[in-house]
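In case you want the letters, here they are:
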Amino acid sequence: MKKFDSAYYGIIPTPLRHHDKLKSTHKLIYAEITACLNEDGVCTRSNHYFSKVLHMSKGTISNYMKDLRKHGKKLGFTIRVRGSGSRAPQFRKDGLDLR
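Source: prediction; values computed, not measured.

### Looking at the side chain of His-19
Inspection of the secondary structure assignment puts His-19 in the loop between helix H1 (14–17) and helix H2 (24–35). Given a relative accessible area of 14%, His-19 falls into the buried group. When sequence neighbours within four positions are dropped, the list of residues in contact with His-19 reads Lys-27, His-71 and Leu-75.

Written out as structure tokens, the structure is:
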């Protein structure tokens, strides 16, 4: 088994777990994102990283990220894509900037 640089656990908050418009894959990606947050609460992983660890294409990851961004505001988080050509998502949860 290949070792990846992320936490052992990922977190899926209740509103996201029970969201009827998001698929289980959205929830898995969110959990993987939370497993990759650094000490400052920032995820700097690219869509390429998520595509490798979750065995999905980068396009598929991008589409799921777009859906998470769309529904995130209602669930209390935002996902943004950094500028400068970077595809690493940035997060904001409960007033804490998770860049």
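### Things to note about the state of the cysteines
Covalent bonding between the sulfur atoms of two cysteines defines a disulfide. Applying the stated criterion across every chain, the model contains zero disulfides. Residue Cys-36 stays outside any disulfide, its sulfur separated by 5.2 Å from that of Cys-43, the closest cysteine. Owing to a relative accessible area of 8%, Cys-36 belongs among the buried residues under this scheme. With relative accessibility at 1%, the residue Cys-43 sits in the buried group.

Cut-offs used in this document
Residues numbered from 1 in each chain as written. Predicted model: local features only at pLDDT ≥ 70, side-chain atom pairs only at ≥ 80, totals over all residues. Heavy atoms only, no water. Helix = DSSP H or I, 4+ residues; strand = E, 2+ residues; numbered from the N terminus. Buried < 20%, exposed > 50% of the residue type's maximum accessible area, 1.4 Å probe, protein only. Contact = heavy atoms within 4.5 Å. Disulfide = S-S within 2.5 Å.

Bear in mind that shape data such as this cannot, by itself, settle questions of function.
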